Amino acid sequence: LPPRHMDSVVEIVAALESTDAGFAGTVPELARALGGCSTPGCRAVLGEPPRVPPAPPTLTRGQWLLFTQLLRHDAAAPERSAVLAPDGSTVTLGPLFAGVEVGLKRAAGWPTPTSEPPVDALYAVTVAEALGTSFLLARGADGNRTTLGPGGCWDDVDNPQNYTLLGPPSPMPDAMANGAMDGVLLGAQLAREPVLLADLLRGYYGTGNGTEKGRPPSSYRRRDFGALTGAGKLEEEVAAMLRVLRVLPPTQELLEDVGPEEVVAIARQAAREFTEVYVECPAIIPRCMWGARPYRGTPRPLTLPLDSVYIHHTFIPSVPCRTFPACAQAMRAMQRFHQDTRGWDDIGYSFVVGSDGYLYQGRGWHWVGAHTKGYNSKGYGVGYVGDFSATLPDPDTIALVRDGLLPCAVRTGRLHHNYTLRGHRQLGHTDCPGNSLFQEIETWRGFE
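Just so it is clear, the structure is predicted and the values come from calculations on it, not from any experiment.

Analysis parameters
- Residues numbered from 1 in each chain as written.
- Predicted model: local features only at pLDDT ≥ 70, side-chain atom pairs only at ≥ 80, totals over all residues.
- Heavy atoms only, no water.
- Helix = DSSP H or I, 4+ residues; strand = E, 2+ residues; numbered from the N terminus.
- Rg over C-alpha atoms; globule rule 2.2 N^0.38 Å.
- Buried < 20%, exposed > 50% of the residue type's maximum accessible area, 1.4 Å probe, protein only.
- Contact = heavy atoms within 4.5 Å.
- Areas by Shrake-Rupley, 256 points an atom, 1.4 Å probe, with all protein chains shown as cover.
- Lys, Arg positive; Asp, Glu negative; His and termini not counted.
- Charge placed at Lys NZ, Arg CZ, Asp CG, Glu CD.
- UniProt positions renumbered as here; feature names shortened; annotations may be inferred.
- Domains from an automatic or database assignment.
- Buried area = accessible area lost by both parts, 1.4 Å probe.
- Polar contact = N/O pair within 3.5 Å; in protein donor to acceptor, adjacent residues only side chain to side chain.
- Nonpolar A, V, L, I, M, F, W, Y, C, P; charged D, E, K, R; others polar.
- Phe/Tyr/Trp six-rings, centres within 6.5 Å; stacked < 30°, edge-to-face > 60°.
- Lys NZ or Arg CZ within 6 Å of the ring centre and 35° of its normal.

### A look at the overall build of the protein
Alright, step 1. What the protein contains, in helices and strands, is 14 helices and 10 strands.
Alright, step 2. For the protein, the C-alpha radius of gyration of 23 Å lies close to 22 Å, the compact-globule estimate for 448 residues.
Alright, step 3. When its C-alpha atoms are laid out on the principal axes, the protein stretches across 70 × 50 × 40 Å.
Alright, step 4. Looking at the protein as a whole, 53% of its 448 residues qualify as buried.
Alright, step 5. Taking all contacts inside the protein whose residues are at least 6 apart in sequence as the whole, residues at least 24 apart take part in 73%.
Alright, step 6. Accessible area for the protein stands at about 19,100 Å²; split by element, carbon and sulfur atoms hold 51% of it.
Alright, step 7. In the protein, 40 positive and 47 negative side-chain charges are present, and the distance between their average locations comes to 5 Å.

What follows is the structure, given as structure tokens:
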């Protein structure tokens, strides 16, 4: 089969759009025919799916098989419907195409489907049903049931075929959250300005040569979804969707003993936690995605919450990395240097900051690093890729740590709320993190 990469999906969509391909509807309607919108709420909003057509002549057998596999919804194995995007994130296609279909229908003057209570179709088919169902199923499960996540890793980022989850799946794994946010953003964009879907996807994900120009719009999905939606809107739509599910035969039983106040409480918790995890906290690329070697020996656990954060720049590589392949390569080079030349057990930093919109997991939240001699067990070491002696990281790369990682670490109990923040030079004989970056962090909360 072609790689399970967004490039492959864009090629399939372009081929389908180049001809009627023997299918009367749009590409999103074909996606729905193949199972991309098979849940009770999605069917209630968009209608029963069309019949599956024969394989379109414009697609190779491999392309048709891949497209069919990616749209077949399997709640027990959500990882099978995921693809790798050029920015290193993973996206489920079902909610993406459902959101796109709502946008196209709105642009064509679609009369909003009437449901009781009324729902916003764009949110209903992307995020509200899966999110509401996830938190509904978790009630009374003694807190043992996963409600969001997990992420996962691909077997080969150059030729992705198998995606493995890093834990038991919830009804809203990371890939589905990404697909849902993308479905909302692209659906809203199409409703305003309809364009060919292949062009829309190519521009948004930066497929083909797009990623060489810097960050694709998909790397801003958390910021853009948060700006468009807001926690209040999300809560409202999850509550409305739960009320719809109450009257649909397949889901009536689930909500039989859930009163109106509890529906509101479930929706509030679901919206708050989704916003915390997928909007306010930055995305972190796990070790298995950047190609980390194993840790040597046995890592020492940190005692959380920690009191301190130490800011570094890598100096070498001296140039900021602006794409997932470049940042992953920088991570591998630093780990090689730290293990083979310095003789350390692993890459020294807790987290590394790319200029591609993502944080990269080094030692991570739970293990002692090798970043600030004498202080490694007292705080997290956060390193910016690049030499920031004379220039600053991009404003949004600064904000990724200052406004994203640090408040998130406090909220999740990994960092004390009254933490102290220092530059590496304050604790050792070094110019790190460079004069420009040091002057910048002097203005941050917690700097001492």
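### Overview of the UniProt feature "domain: N-acetylmuramoyl-L-alanine amidase" (unreviewed entry) in the protein
Alright, step 1. Under the local residue numbering, the UniProt record ascribes the feature "domain: N-acetylmuramoyl-L-alanine amidase" (unreviewed entry) to residues 294-434.
Alright, step 2. As a span, residues 294-434 carries 25% helix and 21% strand, and end to end its C-alpha atoms are 30 Å apart.

### As for the UniProt feature "domain: Peptidoglycan recognition protein family" (unreviewed entry) in the protein
Alright, step 1. UniProt feature "domain: Peptidoglycan recognition protein family" (unreviewed entry): in the numbering of this structure it lies at residues 282-428.
Alright, step 2. With 27% helix and 21% strand, residues 282-428 has end C-alpha atoms that lie 29 Å from one another.

### Focus: the environment of Pro-320
Alright, step 1. In this structure, Pro-320 sits in the loop between strand 6 (306-313) and helix 12 (324-341).
Alright, step 2. For Pro-320 and Val-385, which are 65 residues apart along the polypeptide, the C-alpha to C-alpha distance reads 5.3 Å.
Alright, step 3. Once you skip the residues sitting within four places of it in the chain, Pro-320 turns out to touch Ser-355, Val-385, Gly-386 and Phe-388.

### Details of the domain arrangement of the protein
Alright, step 1. What the domain assignment lists for the protein is domain 1 (6-280) and domain 2 (287-442).
Alright, step 2. The distance between the C-alpha centroids of domain 1 and domain 2 comes to 33 Å.
Alright, step 3. Taken together, the 19 residues of domain 1 in the interface contact 13 residues of domain 2.
Alright, step 4. Summing both partners gives a buried area of about 1,200 Å² for domain 1 against domain 2, and 58% of it is carried by carbon and sulfur.
Alright, step 5. Connecting domain 1 to domain 2 are 4 residue pairs in polar contact (both at pLDDT 80 or more).
Alright, step 6. When residues of the side of domain 1 that touches domain 2 are traced back to their parent elements, those giving at least two are strand 3 (152-154) and helix 10 (260-280).
Alright, step 7. Looking at the side of domain 1 that touches domain 2 residue by residue, the classes come out as 7 nonpolar, 7 polar and 5 charged.

### Describing the packing of aromatic side chains
Ring pairs (aromatic) are described by centroid distance and by the angle formed between their planes.
Alright, step 1. One pass over the structure, following the stated rule, counts 11 aromatic pairs.
Alright, step 2. Measuring from centroid to centroid gives 5.7 Å for Phe-438 and Phe-447, while their planes differ by 75 degrees, and the two rings are edge-to-face.
Alright, step 3. Cluster of aromatic residues (ring-pair linked, three or more members): Phe-225, Phe-274 and Tyr-278.
Alright, step 4. A cation over a ring is seen here: Lys-105 above Trp-110, with NZ or CZ 6.0 Å from the ring centre.
Alright, step 5. The ring of Tyr-220 is capped by Arg-215, whose NZ or CZ atom sits 3.8 Å from the centre of that ring.

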